[in-house]
Structures are given as structure tokens and as C-alpha cells.
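Structural features, examined
One letter stands for each residue in the lines below.
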Amino acid sequence: MKILIVEDETSISRFVQLELEHEGYGTECVADGREALDKAVQNDYDLIVLDVMLPSLNGIEVLRRLRQVKQTPVIILTARDQIMDKVAGLDLGADDYMTKPFAIEELLARIRTNIKKRTQSGSGVLTCGKLKVDTEAHIVNYGSDVIDLTKKEFDLLVYLLANRNVVISREQALDAVWGFDFYGNTNVVDVYIRYLRSKIDDVYNCTVIHTVRGAGYVIRD
Ligand code: CA
């Protein structure tokens, strides 16, 4: 479990960090809004504790931009007199909020609740490195980029991702994605693999889908 703490008041971030690590969480701290957004987009944290008043980019703006690309649970920290921040934060998709000053036990309890909620709801997000597929929202990201896929390309990618590290034969892919009533031949799988590679591997200069000679295709960790 890794938590990103975004807070420019060092005394608060240090304290929260110590308490979280005592509870067994891994932590990272940043004090700057822009840096927080970069980190939050590039890494997969289990939760983000996000202060609103920050240098360079405020917490509300960090949250707004983050939500365009991912749904990491976020608890915002607001000052007692900043009721509008609380409202804006929740509107923009914050999972919870805490008003400063807060009791650390309460923050810990909310962190536990929000991580659990996310795990139980089965977010339907499949990832492999920088590639991320939200099967509910039908959104495919590579880093912060959105990749536009057709229905069959999407289904094939999801099938391969859901079976990560398992070599999938052309017949299996055909059955799973096109169905038993599909009268084409297995070449269609190769064609769609090529489409996916042209939209992902070629663009980002990486190898997401591996060919296993004589066996099929696999996405490996
Ligand atoms: Ca602050």
C-alpha cells in the first residue's frame, strides 16, 4: 500500500508520514501542486492525501486534472473556513475530506475506509506498466494519454490484459472476442493485434503485446 501525501506545511506532512509508516503504509511526500500532479499521474498510489492550499497549483486544480486521467482515491484537506473547497473537491470527485486541524486517528480511519471501499467495488481497472484500461468507463490510457480503440480492439486488449502472463492462442482469442458464431478465420486476430500495436507499441515505442511463436500472444508484467 502506497500513499502520496501532498502538503506544503512540513510539520503536518512529516507527522502524517510518520503515523502512516507506523501503520505499515509506504509513503511519499510532496509540497508542490504541479509536482504532486506529475507524481499522481505517473504512479499508481493506493490513496492520495491532498491539501488544498499549495504552491504552484492548488489542490482543487490538482484533483480536477488528475480525475481526467485516473480515479486514485483522494482525501482532501481543507481549512475550517474554506467550505467552498470542500464542496468543489467533492464535486470534482474527491472521495472524502478532512477539516484542519484533524485528529490523526480520524485520518487513519478514513484512509482505511476509502482504500477498502475502492478494493471492494472492484474498480475494473486493468494495468500493465503505463498502460491502463478502465473496463467500466471504456477508457484506455498510456500514461496520461488517451488511446482511441474500436470495440473489437478494446475487447481483445481487455482479454489479453485479464489473462496477463498467460499465452493466448488465436483460437482462444477468436472465441472470447468474436464468439463461436464468427465465420472468419484466425487471421483476424493477427490483424487486430497489428492494429493494437500500431496504436500502442508503435506510438510509445514499447512492447505491450508479445508474440509467442507457434502459440499465440501474451501481455507480460
Ligand atoms: Ca497548505
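Residues numbered from 1 in each chain as written. Predicted model: local features only at pLDDT ≥ 70, side-chain atom pairs only at ≥ 80, totals over all residues. Heavy atoms only, no water.

Notes on the coordination of the calcium ion
For the calcium ion, every protein donor is listed as Asp 8 (OD), Asp 51 (OD) and Met 53 (O), and the spread of their distances is 2.1 to 2.4 Å. The sequence pattern formed by the donor residues of the calcium ion is D-x42-D-x1-M. Pair noted here: Asp 8 is in the loop between strand S1 (2-6) and helix H1 (10-22) and Met 53 is in the loop between strand S3 (47-51) and helix H3 (59-67), with a separation of 45 residues, a long-range link. (Donors = N, O, S within 2.8 Å, 3.2 Å for Na, K, Ca; no water. Helix = DSSP H or I, 4+ residues; strand = E, 2+ residues; numbered from the N terminus.)

Overview of the packing of helix H7 (residues 170-178) against helix H8 (residues 187-199)
At a minimum axis separation of 9 Å, H7 and H8 run at an interaxial angle of 80°. In terms of orientation, H7 lies roughly perpendicular with respect to H8. Two secondary-structure elements touch here, H7 through Arg 170, Ala 173, Leu 174 and Trp 178 and H8 through Val 188, Val 189, Asp 190 and Tyr 192. (Axes fitted to C-alpha atoms, helices over the stretch in contact; angles between N-to-C directions. Parallel < 35°, antiparallel > 145°, perpendicular 65-115°, else oblique. Contact = heavy atoms within 4.5 Å.)

A word on the pattern of salt bridges
Counted by the stated rule, this structure contains 16 salt bridges. A salt bridge links Glu 9 to Lys 100, with the shortest nitrogen-to-oxygen separation between them at 3.1 Å. Placement of the pair is Glu 9 in the loop between S1 and H1 and Lys 100 in strand S5 (residues 96-100), with a sequence separation of 91 residues. With its nearest N and O atoms 3.1 Å apart, the salt bridge here joins Asp 95 to Arg 67. Taken as a pair, Asp 95 in the loop between helix H4 (83-91) and S5 and Arg 67 in helix H3 lie far apart in primary sequence, 28 residues in all. Given the relative accessible area of 12%, Arg 67 is considered buried. (Salt bridge = Lys/Arg side-chain N within 4 Å of Asp/Glu carboxyl O. Buried < 20%, exposed > 50% of the residue type's maximum accessible area, 1.4 Å probe, protein only.)

Considering H8
Here H8 is 13 residues long and its end C-alpha atoms lie 19 Å apart, about the 18 Å a rise of 1.5 Å per residue gives. Along H8, the residues classified as buried are Val 188, Val 189, Asp 190, Tyr 192, Ile 193 and Leu 196. Of the surrounding secondary structure, the elements contacted by the buried residues of H8 are helix H6 (151-162), H7, helix H9 (201-204), strand S10 (209-212) and strand S11 (216-219). (Expected span 1.5 Å × (residues − 1).)

Focus on H1
With 13 residues, H1 extends 18 Å from end C-alpha to end C-alpha; this agrees with the ideal 18 Å at 1.5 Å per step. Among the residues making up H1, those that are buried are Ser 13, Val 16, Gln 17 and Leu 20. The buried residues of H1 all sit within an arc of 105° when viewed along its axis, so they share a single face. The exposed residues of H1 that point more than 90 degrees off its buried face are Ser 11, Arg 14, Leu 18 and His 22. Note on H1: the residue one or two positions beyond its end, Gly 24, has a positive phi of about 95°. (Arc of directions from axis to C-beta.)

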